[in-house]
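Spelled out from the first residue to the last, the chains are:
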Amino acid sequence: MATQATGADPATTQDPATGTPGAATGTAKDATAPRTPGTGRARTSAKGEQTRARLIAAARILLAGGEAGRFTTRNVAALSGVSHGMCHYHFADRTDLIVAVVADIRPEWITPLEEAVAGPGGYAERAERVLTLLTRPESPDLARLHAALHWLALNDERVRVALEAEYGRWRSCFVRLFRALVDERGGDTDPAPLGEAFAAAVDGIAAIGSLDGTVDGTRVLRTLLDSLASTVPHR
């Protein structure tokens with residue numbers, strides 16, 4: 001998770017832009033180090049990475065706080081204590097920032113699922129790890145971030161494409177889980193429909209659970225997973 005924004009950094013609060021936003025001058029030295037011979041591109045410095053992380057953290061705070069309607073690079077820069085010009089050095093526009101947030105939250109919901117599916121053991125052990133993750137309460141901030149990103153994706157094609165790619169990666173975890181079951185049983189069942197069906201159910205249960213706390217998501221998902229697994233025959 002990105003570190004939360006913490007006050008102004010003297011090295012990054014002076015506006016480096018002398019004209020067009022994004023022009024790299026003055027303190028923009030914190031953004032890149034000299035080019036590495038033979039690489040053809042500049043190495044990002046530690047200070048530049050810190051500045052970028054602060055901007056992403058501030059963007060997350062605004063979005064999770066229900067501020068999507070007033071989400072601008074200027075507001076993000078102000079919250080992070082970074083100059084507006086430096087913000088545009090790292091991100092061309094507000095959509096760049098939003099797409100960076102989409103990538104930034106991946107370790108909080110997709111990576112653990114990928115690790116659970118790829119971990120040791122047979123299908124039963126992997127399925128149990130997956131169910132444990134899926135039935136763990138989502139943090140309020142992450143839930144609000146997802147809601148804000150979905151709203152933004154309705155009006156911004158680049159955000160929609162980025163979010164769609166993340167959900168495709170998330171759904172593929174369930175396909176791989178059923179692939180492990182098919183391989184274990186030695187059959188030739190196509191795991192894609194099974195994985196996609198379970199992914200759709202997970203999404204639906206999450207939506208219902210956010211409105212009705214009486215739904216036993218764990219029981220529903222376990223029942224569905226067992227039912228889908230029963231369609232894979234033993235050879």
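Keep in mind that what you see is a predicted model, and the values were worked out from it rather than measured.

When pLDDT is averaged along the protein, the result is 83, and 80% of the positions lie at 70 or above. When the elements of the protein are averaged for pLDDT, strand 1 (residues 32–35) gives the smallest value, 39, and helix 6 (residues 111–118) the largest, 98. Below a pLDDT of 50 lies the segment residues 1–43, which in the model reaches 83 contacts outside its immediate sequence neighbourhood of four places, other chains included.

Further remarks concern the packing of aromatic side chains. In this structure the tally under the stated criterion is 6 aromatic pairs. Arranged with centres 5.5 Å apart and planes meeting at 75°, the rings of Phe-174 and Phe-198 form a pair that is edge-to-face. Taken as a pair, Phe-174 in helix 9 (residues 157–185) and Phe-198 in helix 10 (residues 191–211) lie far apart in primary sequence, 24 residues in all. We classify Phe-198 as buried; its relative accessible area is 0%. A connected cluster of aromatic rings, assembled from ring pairs, spans Trp-109, Tyr-167, Trp-170, Phe-174 and Phe-198.

Once that is clear, we can look at the pattern of salt bridges. Scanning all chains against the criterion turns up 12 salt bridges. We note a salt bridge from Glu-164 to Arg-160, for which the minimum N-O separation is 3.3 Å. One end of the pair, Glu-164, and the other, Arg-160, are both in helix 9, 4 residues apart, so they sit about a helical turn from each other. Overall, Glu-164 belongs to the partly exposed group, its relative accessible area being 46%. Taking the relative accessible area as the measure of exposure, Arg-160 reaches 32% and is therefore partly exposed. Of the charged contacts, one joins Arg-179 and Asp-183 as a salt bridge, the two residues approaching to 3.5 Å between their closest N and O atoms. Placement of the pair is Arg-179 and Asp-183 together in helix 9, with a separation of 4 residues, close to one helical turn.

The biggest cluster of nonpolar side chains holds 56 residues, and the ones touching the most others in it are Trp-170 and Phe-198. Among the elements that make up this core, the one with the highest residue count is helix 9 (11 residues). Excluding anything up to four places from it in sequence, Phe-198 contacts Leu-131, Leu-134, Phe-174, Phe-178, Leu-221, Leu-224, Leu-225 and Leu-228.

We now examine the packing of helix 1 (residues 46–64) against helix 4 (residues 94–104). Axis separation between helix 1 and helix 4 bottoms out at 9 Å; the angle between their running directions is 90°. Relative to helix 4, helix 1 is oriented roughly perpendicular. Of the residues in helix 4, those in contact with Arg-52, Leu-55, Ile-56, Ala-59, Arg-60 and Leu-63 of helix 1 are Leu-97, Ala-100, Val-101 and Asp-104. Split into classes, the residues belonging to the contact of helix 1 with helix 4 amount to 7 nonpolar, no polar and 3 charged.

A few words on the packing of helix 6 against helix 9. Running from N to C, helix 6 and helix 9 point in directions that differ by 15°, and their axes come no closer than 9 Å. By the angle class used here, helix 6 and helix 9 are roughly parallel. Helix-helix and strand crossings are classified by hand; for helix 6 and helix 9 the assignment is left-handed. In this structure, helix 6 contributes Leu-113, Glu-114 and Val-117 to the contact, and helix 9 contributes Arg-169, Trp-170, Cys-173, Phe-174, Arg-176 and Leu-177. Considering only residue class, the contact of helix 6 with helix 9 consists of 6 nonpolar, no polar and 3 charged.

What follows covers a nonpolar patch on the surface. On the surface, a nonpolar cluster with roughly 200 Å² of combined accessible area is contributed by Ile-208, Val-215 and Val-220. Position of Val-220 among the secondary structure elements: in helix 11 (residues 217–229). The partly exposed category is assigned to Val-220, whose relative accessible area is 38%.

Calculation notes
Throughout, a residue's number is its position along its own chain's written sequence, starting from 1. It should be noted that, the model being predicted, local features are given only for residues of pLDDT at least 70 and side-chain atom pairs only at 80 or more, the latter also being counted only at that level, while totals for whole chains, interfaces and linings use all residues. As a rule here, side-chain values cover all heavy atoms of the structure and leave hydrogens and water aside. Per residue, pLDDT captures the predictor's confidence, and it can take any value from 0 to 100. Each helix is a run of DSSP H or I of at least 4 residues and each strand a run of E of at least 2, with the numbering of both proceeding from the N terminus. Two residues qualify as a contact provided that any one of their heavy atoms is within 4.5 Å of a heavy atom in the partner residue. Stacked, tilted and edge-to-face pairs are distinguished by plane angle, under 30 degrees for stacked and over 60 for edge-to-face with tilted covering the rest, among Phe, Tyr and Trp rings (Trp via its six-membered ring) whose centres lie within 6.5 Å. To sort residues, take the accessible area from a 1.4 Å probe on protein chains only and compare it with the maximum for the residue type: under 20% means buried, over 50% means exposed, and anything in between is partly exposed. We define a salt bridge as a contact between a side-chain nitrogen of Lys or Arg and a carboxyl oxygen of Asp or Glu at a distance within 4 Å. Working definition of a nonpolar core: buried Ala, Val, Leu, Ile, Met, Phe, Trp, Tyr and Cys residues. They are joined through side-chain atoms within 4.5 Å. Geometry is summarised by axes, namely lines fitted to C-alpha atoms with helices restricted to the contacting stretch, and by angles between N-to-C directions that run from 0 to 180 degrees. Should an angle fall under 35 degrees it is called roughly parallel, over 145 degrees roughly antiparallel, and 65 to 115 degrees roughly perpendicular, with every other angle called oblique. Under the scheme applied here, ten amino acids are nonpolar (Ala, Val, Leu, Ile, Met, Phe, Trp, Tyr, Cys and Pro), four are charged (Asp, Glu, Lys and Arg), and all others, including Gly, are polar. Left-handed describes a crossing in which the near helix is turned anticlockwise from the far one by less than a right angle; the clockwise case is right-handed. Think of a patch as exposed residues, more than 30% relative accessible area, with no salt bridge, where like charges cluster within 9 Å and nonpolar side chains (Val, Leu, Ile, Met, Phe, Trp, Tyr) cluster within 5 Å. For the area figures, the Shrake-Rupley method with a 1.4 Å probe applies, and any residue is considered shielded solely by the protein chains shown.

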